[in-house]
Amino acid sequence: VVPLTVGGGPSPPSEFSNTPSMSPFPSAHPSVFPSFAPTMTTTITAVLQLDNNPPDISWRIDCDSSGNLVNIPSPTYNAAHRNRTITVPKDVGVGETCVIEIRDASKNGLEGGFFLVVLGTDYDSEDKVVLAEGDGDFGEKVIMSFDINLPPSSSPSEVPSLQPTVSIEPTLSQVPSLQPTIT
């Protein structure tokens, strides 16, 4: 192991690389530089069916499991929004834990309405992924938490993963290995 110092000092040996390998096999010479995977984001959509008194309704969604607060505040509603369905999409980090809070100054909830938070933007789809939902019967306020997790893919991607899954258990295969284990 070569110690690294700031402002000079020894450089890593030439057999080390700071370029990630695309190989699915462990490297004989792993990089000495830490790798930081980008945060994956996805879109969620808040859907609210407002009641007869929309100026009394306010809401927000806060996501803060990564230390970066994502706050989605509600717009201000007026009489023109009466009994309307409001949709607000927002990008958030996958793996985040979020909280939706809806308040009604009239203390009768979304009388005759509902709220919904879905993964993506297609909230009318039969196969939508619902993260949080409720009817409008909540009185003064409702608070719900939910996690942003992507559902499993129904089809594999065309591009191989940069971080393949490694199994601890051996897998039996009918095809001989191109790199047999030597003991």
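Residue positions are counted from 1 within each chain, in the order its sequence is given. Totals for whole chains, interfaces and linings use every residue, but because this is a predicted model, local features are given only for residues with pLDDT of at least 70 and side-chain atom pairs only at 80 or more, for both listing and counting. Side-chain metrics in this entry use all non-hydrogen atoms of the structure; hydrogen atoms and water are not considered.

Chemist: Can you lay out the sheet that holds strand 6 (residues 114–119) for me, pointing to particular residues and giving the numbers?
Modeler: Here 4 strands make up an open sheet; going across it, the order is 4-1-6-7 and the pairing antiparallel. Looking at which strands have only one partner, the edges of the open sheet turn out to be strand 4 (85–93) and strand 7 (129–135). When the angles between neighbouring strand axes are averaged without regard to direction, this sheet yields 15°. Only strands joined by at least two bridges in the DSSP assignment are considered to pair. In DSSP terms, a helix is any run of H or I states spanning at least four residues, a strand is any run of E spanning at least two, and both are numbered starting from the N terminus. Where strand 1 (residues 41–49) and strand 4 come together, 9 bridges link them in antiparallel fashion. Paired with T43 across the bridge in strand 4 is D91. Axis definition: a line fit to C-alpha positions, over the contact stretch in the case of helices; interaxial angles, taken between N-to-C directions, run 0 to 180 degrees.

Chemist: An account of the pairing of strand 1 is requested, with residue identities and associated values reported.
Modeler: Burial analysis of strand 1 places 7 of its 9 residues in the buried class, the great majority of the element. Relative to strand 6, strand 1 is paired through 6 bridges, and the arrangement is antiparallel. When the bridges of strand 6 are listed, L48 appears paired with F115. Summary of the burial criterion: residues with accessible area below 20% of their type's maximum are buried, those above 50% are exposed, and those between are partly exposed, where the area comes from a 1.4 Å probe applied to protein chains only.

Structural measurements only, silent on function.
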